[in-house]
Amino acid sequence: MTIGDTTAPILAGEPRATGRGVAWRARLRHLQPGLVMAWLVVAIILAWAAVPGLFTGYSPIDGVAGQQLRPPSAEHWLGTDGLGRDLYARIVHGARHSLTGAVVAVTVGLLLGTLLGLIAGARGGWPDAVIMRLVDTLLAIPSLLLSLSIIVLLGFGTINVAIAVGVVSVARFARLARSEVVRVRRSEYVEAAFGSGGSFLAVLRRHILPNSLTSVIALAALQFGSAILALSTLGFLGYGAPPPTPEWGLLIAEGRNYLSRAWWLTAAPGVVVVVAVLAADRISTAIGRTEP
Amino acid sequence: MSATTSPGTPLLEIDNLAVAYTVGDAEQRVVHGISFHVDPGEVVALVGESGSGKTTTAQAVLGLLAGNGRVESGAIRLKGADIVPWSQRRLDAVRGAVISLIPQDPGSSLNPVRTIGAQLAEILQIHRFGDRRAIQARVLDLLTRVGLTPADLRAGQYPHELSGGMKQRVLIAIAVALRPDLIVADEPTSALDVTVQRRILDLIDALRRENGTSVLLVTHDLGVAADRADRLVVLRGGGIQERGPVRDVLTAPQSPYTRQLLADAPSLGTARRRAVATAEDFAITVEGLTHDYPTSGTRSRRFRAVDGVSFKVQRGTTHAIVGESGSGKTTTARAVAGFLKPTAGRIVVEGTELTTLRSEALRQFRRKIQLVYQNPFGSLDPRQSIAEIIEEPLLNFEPVSRPERTRKVRDMMDRVGLPESFLTRRPQALSGGQRQRVAIARALVLDPRVLVLDEAVSALDVTVQAQILALLDELQQALGLTYLFVSHDLALVRQISDTVSVMHGGKQVDAGPVEKVFQQPDSDYTRELIDAIPGRKMPVPGSHTARAG
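Below you will find a few notes about this structure. What you see is a predicted model, and the numbers here were worked out from it, not measured in a lab.

### Observations regarding helix α10 (residues 256-264) of chain B
Since one α-helical turn is 3.6 residues long, residues separated by three or four positions face the same way.
Residue and element names in this part refer to chain B.
Piece 1. All buried positions along α10 are accounted for by Thr 258, Leu 261 and Leu 262. One side of α10 holds all its buried residues, which, seen down the axis, span an arc of 95°.
Piece 2. Residues of α10 that are buried sit in contact with α8 (222-228), β9 (231-236), β10 (239-245), α9 (246-251) and α16 (462-479).

Below you can see the structure in the form of structure tokens.
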């Protein structure tokens, strides 16, 4: 019936109370090395995508005659491939393709999924039932199979592959968004907002959406990593960008032919993909922890 | 309940105790050198509001401080031996056998996957009480002693099969299982209804007397402390404000804080006397209100939460709905506020028949009636600033210009006594009382005619509660508001309301002007409820306590 000790006044000096500046300083004091490295990885990949020319002087497309299958050296940091192309240059230039793809994929999933989840959670009743059964169906199909079918329908190409990957993640976004919306919807401040005469859309915009987005954004960061992985998988299978595009999955696929003679051709892009996915995962965890 | 003070060493002696918690990089001291003692067979009450350090003190006595807590200085002497430097292992031998604890929340203090018999047997096994048969016999004996009969049946039940009061009885059985010398009772009845509270406190009293146990009673409720303790220790902000025999502290308080606490505590004696217009001018009319909740899927089986409740509230007065948990009082209030459609009955608020209203008409009607919630921590959006929260209702109806809105928000802040510097703050930076002021400001910004207060002050400390009640009274006088006040606290209701409905099991068992209901209750239930109010021993200047039972 009564709530016991809930009224202790929060001290005036509490950091969260006094704005972002103090909060950031407090966060800096408790630096997490793993998180810093994750952000560093993301920053480097972003820089590769934005200004690849700064990182390498070699062309990612044109090979140099007589320079085929060179092992890593001072001249070619990660060696060269079967056509004499610098592998490091191809990975740097490939960042743009993988990142664009991942951004498109996550955007598709985020927008579509959140919208569906929002409608289902906020409206309830039959729209909820219909949408969520649809989502269940989507989840039941193996994601790679679903992506492949969509690519077959849409045709090949970087953007189409990205959309295919995005559609697969719609179900996960929709589920999470719905559960968050349902949680927020039951809170007293939402009822109070309806009680003070708020219309459905106004309450949705002012209270439900902002309060349910934190976890959804954390999932977006996580999906960013998975999308890079999924894009590489599809690229590896030959459903992505056609050669000679320096896409990471394609690099791994091409390197496979020389696995016995030049293992670094598969290992290097593979490691890059793994590191990118792990970084996205670490950042996602950090976002998920910052609840208001 | 007289003290059997022995001339020797006290059972428990707290000597200049200081406790600090590590928060972030800083150490924050919450208990500042307090000293008191508990003699054998004595009940000492630690009274204070939230943040006063009373629970921290109790935890220190048990060696159960939270991980970041530390006894900075001072001694806790149990039968003359200082237990502060003791290891946890050494304390284990003492806890349960010499000192035991009755925790605050019976709902979360029992293991949900073990029977209560097994949990009661556990403490006996830990302290090697005897072989299995001896333990089993003792378990049944204890359950019988705390009134859980038939004991052999109860022993096989799980916590979810018991009510809150019964769970508290199990915890009491665990606490007294080894006949300890001292029981620390940390708010043992705060989570329980008032009639259950009385039975539980009576039980602790009886067991205490039987075994000659001392009790350190930690409570925020001065009434409970006055009824049950021999001596009082009043804490505030980690320091002792006052200590002494109950009678002395209550009749001649030395510190201004204790005087304030006594004045703010609602008690049966302080009834409100205000001339009420006798004109037939009703702001709320409820007739034959009935509401059924569907139970577990089946359409045919329904649970009747409210059953044929009728009352009328005159404009500008306060009507209270009193009852224990499950009495249907909140359902009634929510129906009046338009949050649920009743199964049957008529509700007229300010001339509008509420039960037939549909979406848009209902939205328009909301300006006339507003609800203030019990929990000021859940009813404010954590992402909005105070200004945004108070302003929001103004955005929902015809457009109000920005300067006009800003002016109204500032007006409201001023009206509820909040400084302007709070405008940009978030709810997290405010105390419970301040948040409740924000909630009231939000409710009033639309100039409603009726305010439904659903346990609106129950979660607050008594001094804060008194401030909020004074604010509500002032607003009622100034704006001619009508209040529907839902509460479980009869003393409070008597103090602030003009008319009252007593609810029990969905039915209205008593209704009428407050004085009449309190002095000549129609039902046995109301009588029981009035008798159960703690604080009978509290001195009330210039009035006598009504007792009809």
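That was the structure; now back to the text.
### What to know about the environment of Gln 508 of chain B
Residues and elements named next belong to chain B.
Piece 1. If you trace the backbone, Gln 508 turns up in strand β20 (residues 507-513).
Piece 2. Along the backbone, Gln 508 and Val 322 are 186 residues apart, and their C-alpha atoms lie at a distance of 9.5 Å.
Piece 3. Aside from chain neighbours lying at most four places away, what touches Gln 508 is Val 309, Ser 501, Val 502 and Met 503.

### Details of the packing of helix α9 (residues 248-255) of chain A against helix α10 (residues 264-289) of chain A
Residue and element names in this part refer to chain A.
Piece 1. It is at 7 Å that the axes of α9 and α10 come closest, and there the two elements cross at 155°. Comparing their axes, α10 and α9 come out roughly antiparallel. Judged by the twist between their axes, the crossing of α9 over α10 is left-handed. Contact residues: α9 offers Trp 248, Leu 251, Ile 252 and Gly 255, while α10 offers Leu 265, Thr 266, Pro 269, Gly 270, Val 272 and Val 273.

### Quick notes on the packing of helix α6 (residues 158-185) of chain A against helix α8 (residues 200-236) of chain A
All names here are of chain A.
Piece 1. Here α6 crosses α8 at 155°, and the two axes come no closer than 9 Å. Taken together, the axis directions place α6 and α8 in an arrangement best described as roughly antiparallel. The hand of the α6/α8 crossing is right-handed. Where α6 abuts α8, its residues Val 161, Ala 162, Val 165, Ser 169, Arg 172, Phe 173, Leu 176, Ala 177, Glu 180, Val 181, Val 184 and Arg 185 lie against His 207, Ile 208, Asn 211, Ser 212, Ser 215, Val 216, Leu 219, Gln 223, Ala 227, Ala 230, Leu 231 and Leu 234.

### Some details on the pairing of strand β18 (residues 482-487) of chain B
All names here are of chain B.
Piece 1. Across the six residues of β18, six count as buried, placing the element largely inside the fold.
Piece 2. Along β18, one buried face is formed by Thr 482, Leu 484 and Val 486 and the opposite face, lined by Tyr 483, Phe 485 and Ser 487, is buried too.
Piece 3. Sheet topology places strand β13 (residues 318-322) next to β18; five bridges connect them, and they run parallel. Along β18, the bridge assignment pairs Ala 320 with Phe 485.
Piece 4. Pairing analysis gives five bridges linking strand β17 (residues 450-454) to β18, with the strands arranged parallel. Within β18, the position partnered with Leu 453 by the bridge is Phe 485.
Piece 5. For the handedness criterion, the β-α-β arrangement of β17, α16 and β18 is classed as right-handed.

### Notes on the nonpolar core
Piece 1. Counting 227 residues, the largest nonpolar core has Ala 45, Leu 120, Ala 173, Leu 216, Val 233 and Leu 484 of chain B as the members making the most contacts within it.
Piece 2. The biggest single contributor to this core is helix α3 (residues 87-123) of chain A, with 16 residues.
Piece 3. Setting aside chain neighbours within four positions, we find Ala 173 of chain B in contact with Leu 120, Leu 142, Leu 143 and Val 146 of chain B.

### A look at the interface of chain A and chain B
One widely used convention gives an interface's size as the accessible area the parts lose upon coming together.
Piece 1. Counting residues at the interface gives 30 residues for chain A and 43 residues for chain B.
Piece 2. Elements that contribute at least two residues to the side of chain A that touches chain B include exactly α7 (188-195) and α8 of chain A.
Piece 3. Ranked by residue count, the leading element in the side of chain A that touches chain B is α7 of chain A, at six residues.
Piece 4. A per-class count over the side of chain A that touches chain B returns 12 nonpolar, 12 polar and six charged.

### So, the pairing of strand β8 (residues 214-219) of chain B
Two faces make up the sheet, and in a regular strand the side chains alternate between them.
Residue and element names in this part refer to chain B.
Piece 1. Summarising burial for β8: six of the six residues are buried, a large majority.
Piece 2. Neither face of β8 is left uncovered, since the one carrying Ser 214, Leu 216 and Val 218 and the one carrying Val 215, Leu 217 and Thr 219 both have all their residues buried.
Piece 3. The sheet contact formed by strand β3 (residues 43-47) and β8 spans five bridges and is parallel. Residue Val 44 lies in a different strand from β8, and its bridge partner there is Leu 216.
Piece 4. Relative to β8, strand β7 (residues 182-186) runs parallel, the two sharing five bridges. Paired with Leu 182 across the two strands is Ser 214, which belongs to β8.
Piece 5. Regarding the hand of the β-α-β motif, the stretch spanning β7, helix α7 (residues 194-211) and β8 is right-handed.

### With respect to helix α2 (residues 33-50) of chain A
Residue and element names in this part refer to chain A.
Piece 1. Helix length check: α2 (18 residues) gives 25 Å between terminal C-alpha atoms against 26 Å at 1.5 Å per residue, within 8%.
Piece 2. Turning to α2, its buried residues are Ala 38, Ile 45 and Trp 48. Buried residues in α2, looked at end-on, bunch into an arc of 85°, giving them a common side. For α2, the exposed residues set more than 90 degrees away from the buried face come down to Pro 33, Val 36, Leu 40, Ala 43 and Ala 50.
Piece 3. Tucked into the core, α2 has its buried residues touching α3 and α10.

### Brief notes about the sheet that holds β9 of chain B
Residues and elements named next belong to chain B.
Piece 1. Reading across the sheet, the six strands line up as β6-β7-β8-β3-β9-β10 and stay open at both edges, with mixed pairing between neighbours. The open sheet has two edge strands with one neighbour each: β6 (99-102) and β10. Neighbouring strand axes in the sheet, compared pairwise and without regard to direction, differ in orientation by 15° on average.
Piece 2. In the sheet, β9 pairs with β10 via six bridges, with the strands oriented antiparallel. Of the residues in β10, the one forming a bridge with Leu 232 is Gly 244.
Piece 3. Across the face of the sheet, helix α6 (residues 164-176) comes into contact with β6 and β7 while running at roughly 175° to β6.

Cut-offs used in this document
Residues numbered from 1 in each chain as written. Chains lettered and ligands numbered in written order. Predicted model: local features only at pLDDT ≥ 70, side-chain atom pairs only at ≥ 80, totals over all residues. Buried ≥ 20, exposed ≤ 12 C-beta atoms within 10 Å, placed from the backbone. Helix = DSSP H or I, 4+ residues; strand = E, 2+ residues; numbered from the N terminus. Arc of directions from axis to C-beta. Contact = placed C-beta atoms within 7 Å. Axes fitted to C-alpha atoms, helices over the stretch in contact; angles between N-to-C directions. Parallel < 35°, antiparallel > 145°, perpendicular 65-115°, else oblique. Left-handed = near helix turned anticlockwise from the far one by under 90°. Pairing = 2+ DSSP bridges. Right-handed = clockwise from strand over helix to strand, strands pointing away. Core = buried A, V, L, I, M, F, W, Y, C linked by C-beta atoms within 7 Å. Nonpolar A, V, L, I, M, F, W, Y, C, P; charged D, E, K, R; others polar. Expected span 1.5 Å × (residues − 1).

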